[in-house]
Amino acid sequence: QKLEGSKSRGQLLIFGATNWDLIGRKEVPKQQAAYRNLGQNLWGPHRYGSLGALRVRSVVSGPCAAHSSVLVTELGERKPNWEPRRNEKGQLGHGDTKRVEAPRPIEALGSEAIVAAACGRNHTLALTVSDPVFPFARFFWSAFPGFPDPIPGFSQILYNGQPISKLGCGAEFSMVMDCKGNLYSFGCPEYGQLGHNSDGKFIARAQRIEYDCELLPRRVALFVERTKDGQVLPVPNVVVRDVACGANHTLVLDSQKRVFSWGFGGYGRLGHAEQKDEMVPRLVKLFDFPGRGAAQIYAGYTCSFAVSETGGLFFWGATNTSRESTMYPKAVQDLCGWKIRSLACGKSSVIVAADESTISWGPSPTFGELGYGDHKPKSSTAAQEVKTLDGIYTEQV
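Residues numbered from 1 in each chain as written. Predicted model: local features only at pLDDT ≥ 70, side-chain atom pairs only at ≥ 80, totals over all residues. Heavy atoms only, no water.

1. Notes on the overall build of the protein chain
In step 1: Check the secondary structure of the protein chain and you find zero helices and 30 strands.
In step 2: Considering the protein chain as a whole, with its 397 residues, one finds that 52% of them fall into the buried category.
In step 3: Restricting the contact set of the protein chain to residue pairs at least 6 apart, pairs at least 24 apart contribute 51%.
In step 4: Entry remark: accessible area of the protein chain is about 18,600 Å², with carbon and sulfur atoms responsible for 50%. (Helix = DSSP H or I, 4+ residues; strand = E, 2+ residues; numbered from the N terminus. Buried < 20%, exposed > 50% of the residue type's maximum accessible area, 1.4 Å probe, protein only. Contact = heavy atoms within 4.5 Å. Areas by Shrake-Rupley, 256 points an atom, 1.4 Å probe, with all protein chains shown as cover.)

Take a look at the structure:
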């Protein structure tokens with residue numbers, strides 16, 4: 001069966017911070033001082049003029065990405081990639097580390113048809129129709145053999161399993177799912193985020209802690225559940241249907257509508273009512289009942305979301321780490337009755353496409369990513385409709 005990308009065709013709208021060198025930092029680095037006063041916060045939706053009439057199929061980013069990618073259609077498939085942050089590690093795939101201000105095609109991919117992509121902190125994965133995976137740049141820890149420096153352009157990952165159908169990227173690790181429902185991971189194993197029952201930690205010279213990174217995709221072989229009396233039992237017959245990665249944790253959805261989570265347990269992001277790190281995928285109990293399974297999963301930087309098969313949105317973890325965490329999945333009452341079509345979450349702000357509307361919320365400080373418009377409230381702790389998008393049907397956020 002041929003793997004196809006999104007069938008959506010739409011215009012790209014952007015709102016939020018555009019001073020790329022300042023995003024995620026307290027001040028612009030000295031070497032980027034010339035850009036200190038560039039880039040304004042866009043408080044409402046704006047079009048990217050340089051894309052012209054190109055119709056966008058899908059926008060790819062991530063809760064910890066320092067860049068974004070746009071998949072578009074024009075005379076077949078092309079993949080312009082632009083930099084709403086930085087390119088110090090070559091993560092844009094142009095073969096250099098130069099800052100890029102506007103969408104720019106990745107010429108080296110030529111006529112390759114891109115059907116999926118994922119963004120980590122300093123790396124990008126792209127999936128072509130012929131099923132190889134190309135990583136742009138590198139992991140923060142040198143997670144690819146022979147690449148102590150940023151990869152100039154991209155390089156095919158050594159993988160000889162079944163055709164790949166889904167990609168996911170955390171901050172310094174990656175997940176790939178094949179068409180048979182097997183999951184593979186590689187990168188930095190800190191917090192057990194690769195799911196191989198180890199955090200890969202060892203003491204190097206001068207008492208420095210380092211990590212034994214997985215350089216090639218390795219299958220995640222064990223899924224478990226913990227009983228009420230504390231027993232850990234293997235869960236058989238897990239066929240993975242979806243994967244979502246936060247900065248240091250991962251969620252998977254299987255063919256029986258069960259949700260598993262593992263990695264860093266801080267702020268309750270794993271949904272197990274405790275903050276312990278999990279080294280292998282562990283069943284999230286709430287969704288393991290008839291009629292209460294999950295249909296969609298999403299991961300934020302320090303939080304997780306799932307849409308139940310009955311349409312309810314559930315949240316756990318924290319979007320505001322200075323407030324109390326949600327230690328297990330709880331229904332988002334503000335969105336009760338809405339049909340969730342797409343959801344995205346950064347470090348603290350959430351945006352949702354539901355029914356015919358776009359809804360967002362997030363605590364202060366924000367930089368326009370909620371889209372409420374000029375001279376409107378800049379933040380909201382409760383879900384609000386984005387009135388600046390009234391009359392516009394949002395395909396994806």
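2. A look at the sheet that holds strand 25 (residues 313–317)
In step 1: Taken together, four strands build an open sheet; the order of strands is 23-24-25-26 and the sheet is antiparallel. At either margin of the open sheet sits one strand with a lone partner, and together these are strand 23 (294–299) and strand 26 (326–331). In this sheet, adjacent strand axes meet at a mean angle of 15° when their direction is disregarded. (Pairing = 2+ DSSP bridges. Axes fitted to C-alpha atoms, helices over the stretch in contact; angles between N-to-C directions.)

3. Brief notes about the pattern of salt bridges
In step 1: A full pass over the atoms with the stated rule returns eleven salt bridges.
In step 2: For R226, the salt bridge is made with E274, and the minimal N-O distance between the two is 3.5 Å. Placement of R226 in strand 17 (residues 224–226) and of E274 in the loop between strand 21 (259–263) and strand 22 (278–283) is noted, with a sequence separation of 48 residues between them.
In step 3: For the salt bridge of E278 with K276, the shortest nitrogen-to-oxygen distance reads 3.6 Å.
In step 4: One network of salt bridges, in which partners are shared, links R226, E274, K276, E278 and R282. (Salt bridge = Lys/Arg side-chain N within 4 Å of Asp/Glu carboxyl O.)

4. Overview of the packing of aromatic side chains
In step 1: Enumeration according to the criterion identifies six aromatic pairs in this entry.
In step 2: With 5.9 Å between their ring centres and 45° between their planes, F287 and W316 make a pair best called tilted. Here W316 lies in strand 25 and F287 lies in the loop between strand 22 and strand 23, a separation of 29 residues in the sequence. Of the two residues, F287 and W316, both sit in the buried class.
In step 3: Between the aromatic rings of F305 and F315, the centroid separation amounts to 5.2 Å while the plane-to-plane angle is 55°, which identifies the pairing as tilted. (Phe/Tyr/Trp six-rings, centres within 6.5 Å; stacked < 30°, edge-to-face > 60°.)

5. Brief notes about the pairing of strand 13 (residues 183–187)
In step 1: With respect to burial, strand 13 is a largely interior element, five of its five residues being buried.
In step 2: When strand 12 (residues 173–178) meets strand 13, the two strands line up antiparallel, connected through five bridges. For S174, the partnering residue across the bridge sits in strand 13 and is F186.
In step 3: In this antiparallel pair of consecutive strands, strand 12 and strand 13, the connection spans four residues, and G181 shows a positive phi of 90°.
In step 4: Alignment of strand 13 against strand 16 (residues 214–219), held across three bridges, turns out to be antiparallel. By the bridge assignment, Y184 is partnered in strand 16 with R219.

6. Things to note about the environment of D212
In step 1: Examined against the element boundaries, D212 turns out to sit in the loop between strand 15 (209–211) and strand 16.
In step 2: With relative accessibility at 55%, the residue D212 sits in the exposed group.

7. As for the sheet that holds strand 29 (residues 357–362)
Strands belonging to one sheet form pairs held by backbone hydrogen bonds; the direction of such a pair is parallel or antiparallel.
In step 1: Read from one edge to the other, the open sheet built from four strands follows the order 27-28-29-30, with strand pairing classed as antiparallel. Two strands close off the open sheet at either side, each with one partner strand: strand 27 (340–345) and strand 30 (380–385). For this sheet, the mean angle separating the axes of adjacent strands, direction not counted, is 15°.
In step 2: Relative to strand 28 (residues 350–354), strand 27 runs antiparallel, the two sharing five bridges. Each bridged residue has a counterpart across the sheet, and for L343 the counterpart in strand 28 is V352.

8. Things to note about the side chain of S349
In step 1: Relative to the helices and strands, S349 is located in the loop between strand 27 and strand 28.
In step 2: What S349 contacts, discounting residues up to four positions off in sequence, is A344, W361, G362, T366, E369 and L370.

9. Considering the environment of L222
In step 1: If you trace the backbone, L222 turns up in the loop between strand 16 and strand 17.
In step 2: On the basis of relative accessibility, which here comes to 37%, the residue L222 falls in the partly exposed class.
In step 3: Those residues within four positions of L222 in sequence are excluded, and the remaining contacts are P234, V280 and P281.

10. Digging into the environment of I157
In step 1: With respect to the helices and strands, I157 occurs in the loop between strand 10 (133–137) and strand 11 (164–169).
In step 2: Accessibility expressed as a relative area gives 9% for I157, which makes it buried.
In step 3: Taking C-alpha positions, I157 is 9.5 Å from L125, a pair spaced 32 residues apart along the chain.

11. Focus on unusual backbone geometry
In step 1: A cis amide bond links S364 to the next residue, P365, at an omega of 5°.
In step 2: As for its placement among the helices and strands, P365 is situated in the loop between strand 29 and strand 30.
In step 3: Phi is positive for D355, close to 50°, though the residue is something other than glycine.

12. Quick look at the state of the cysteines
In step 1: Per the counting criterion, the structure on display carries zero disulfides.
In step 2: Take C64: it sits in no disulfide, and the sulfur closest to it among the cysteines is that of C169, at 8.3 Å. (Disulfide = S-S within 2.5 Å.)

13. So, the confidence of the model for the protein chain
In step 1: Confidence in the prediction of the protein chain, expressed as mean pLDDT, is 83, and 77% of residues score 70 or more.
In step 2: Across residues 80–84, where pLDDT falls below 50, the model places 33 contacts with residues more than four positions away in sequence or in other chains.
In step 3: Note that residues 136–148 has pLDDT below 50 and, in this model, 57 contacts with residues that lie over four places away or in other chains. (pLDDT = per-residue confidence, 0-100.)

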